[in-house]
Amino acid sequence: MTQMLKVAVMGAGAVGCYYGGMLARAGHAVTLVARPAHVEAINRDGLRMQTRSFDERVRLSAASSPSGVAGADLVLFCVKSADTEAAGRDIAPHLAPGALVLCLQNGVDNADRLRAVLPQVQVAAAVVYVATEMAGPGHVRHHGRGELVIERAAATEAVAEVLRAAAIPTELSANALGALWAKLIVNCAYNAVSAIAQRPYGENVRSPGIEAVMDDVVAECLSVARADGVEVPGDVHAAVRSIAATMPTQLSSTAQDLARGKPSEIDHLNGFIVRRAQALGIASPVNRALWALVKLIEGKPR
């Protein structure tokens, strides 16, 4: 890794635009691979970053083709979980031999799935704690937080320093799988409820019975994790409760997907818990109900 990196963001939605924008503000050469409407707006006007501490247009490059990752030292991989293998195969011919691909995705198994289709480069998992949304073409709105937890490896030590220097709080962890599960459990507790209600976190937890439902979700997820031999760090119940306080205005990514008529990642959140629970002989009725209700809304004719 050189001090100033060539960075590409594959699947630059709200999360990818935020982190790519922060790296561009720090002087790195960043290319966002995004949908055509975003690409046109960004190449014309720059990326508008509306955050709690600044509102400015950041100049960087944007492309709609996977070839936009060509020559990158660091690739932030931000596509939806269901698209992991396909997007990995799309970028494979364009990756530099020494590139590091960092998975900034929901779910716990994306890095392993990506390694299977990108054996020629280094792939590392990251846990993302940020509240963002795309407020319009080329316009990312930041609602709070922004930390990353990255699996500790020789290749990630240097990139962690680069991220920290770009005002992105970054921690290296020897238990990245446990950290991924901790984030998965937060998503399972919040995403489906926010999607079904189409309301932000802070409003949802004030509704009678919702916090108890979320506690049940967490308990089921922890039972599955223990049965799967995963050590989930920290007090997960406390971590879940803190989200509504730190991100009260955030609509979940699942809620945003349903509002736009797009497929959600629910199969890789509560749906993943349901599948693992079934394989391990554990009941998961609350996760199953939330998964099924989101799938019902997702399949509704529009």
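The preceding data block contains the structure.
The numbers attached to residues start from 1 for each chain and follow its sequence in the written order. Since the coordinates come from a predicted model, pLDDT governs what is reported: local features require at least 70, and pairs of side-chain atoms require 80 or more to be given and counted, while whole-chain, interface and lining totals use all residues. Only heavy atoms go into the side-chain values, all of them from the structure, while hydrogens and water stay out.

The numbering of helices and of strands both runs from the N terminus, where a helix is a DSSP run of H or I of at least 4 residues and a strand a run of E of at least 2. Tracing the backbone shows His-143 in strand β9 (residues 139-151). Pairs of N or O atoms are called polar contacts if they sit within 3.5 Å, as long as, within protein, a hydrogen donor faces a hydrogen acceptor (for residues adjacent in sequence, only side-chain-to-side-chain pairs). For His-143, the side chain forms a polar contact with the side chain of Thr-249, separated by 3.3 Å.

Next up on the list: the pairing of strand β2 (residues 29-33). Most of β2 is tucked away: four of the five residues are buried. Taken together, the five bridges between strand β1 (residues 6-10) and β2 define a ladder with parallel strand orientation. Bridge assignment links Val-7 to a residue of β2, and that residue is Val-30. Once the chain exits β1 it traverses helix α1 (residues 14-25) before rejoining the sheet at β2, and the crossover so formed is right-handed. Two strands are said to pair when DSSP picks up at least two bridges between them. Relative to strand β5 (residues 61-63), β2 runs parallel, the two being bridged by three bridges. The residue of β5 that forms the bridge with Val-33 is Ala-63. In this scheme, a residue with accessible area under 20% of its type's maximum is buried, one over 50% is exposed, and one in between is partly exposed, where area comes from a 1.4 Å probe on protein chains only. The definition of a right-handed crossover adopted here requires that, viewed with the strands pointing away, the path from the first strand over the helix to the second runs clockwise.

This part takes up the packing of aromatic side chains. Two aromatic rings from Phe, Tyr or Trp, using only the six-membered ring of Trp, form a pair when their centres are within 6.5 Å; if the ring planes differ by under 30 degrees the pair is stacked, by over 60 it is edge-to-face, and anything between is tilted. Summed over the entire model, instances satisfying the criterion amount to three aromatic pairs. When the centroid spacing of 5.1 Å and the interplanar angle of 80° are considered together, the rings of Tyr-18 and Tyr-19 count as edge-to-face. Look at Trp-181 and Phe-272: their rings are 5.9 Å apart centre to centre, the planes differ by 65°, and that puts the pair in the edge-to-face class. Taken together, the positions of Trp-181 in helix α6 (residues 176-197) and Phe-272 in helix α11 (residues 270-280) put the pair 91 residues apart, joining distant regions of the chain. Above the ring of Phe-54, the side-chain terminus of Arg-25 is found at 3.7 Å from the ring centroid. Counted as over-ring charges are cases with an Arg CZ or a Lys NZ within 6 Å of the ring centre that also lie within 35 degrees of the ring normal. Sitting over the ring of Tyr-129, Lys-183 keeps its end group 5.7 Å from the ring centre.

Another point: the pattern of salt bridges. One speaks of a salt bridge when a side-chain nitrogen belonging to Lys or Arg is within 4 Å of a carboxyl oxygen belonging to Asp or Glu. Using the criterion set out here, one finds 18 salt bridges in the structure. Of the charged contacts in the structure, one is a salt bridge between Glu-40 and Arg-44, with a shortest N-O distance of 3.9 Å. Separated by four residues within a single helix, Glu-40 and Arg-44 lie in helix α2 (residues 36-45), roughly one turn from each other. Taking the relative accessible area as the measure of exposure, Glu-40 reaches 55% and is therefore exposed. Glu-85 is the salt-bridge partner of Arg-113, the closest N and O atoms lying 2.9 Å from each other. Within this pair, whereas Arg-113 is found in helix α4 (residues 110-117), its partner Glu-85 is found in helix α3 (residues 84-91), the two being separated by 28 residues in sequence. By relative accessible area, which is 23% here, Glu-85 ends up partly exposed. Residues joined by salt bridges that share partners form a network here, namely Glu-40, Arg-44 and Asp-45.

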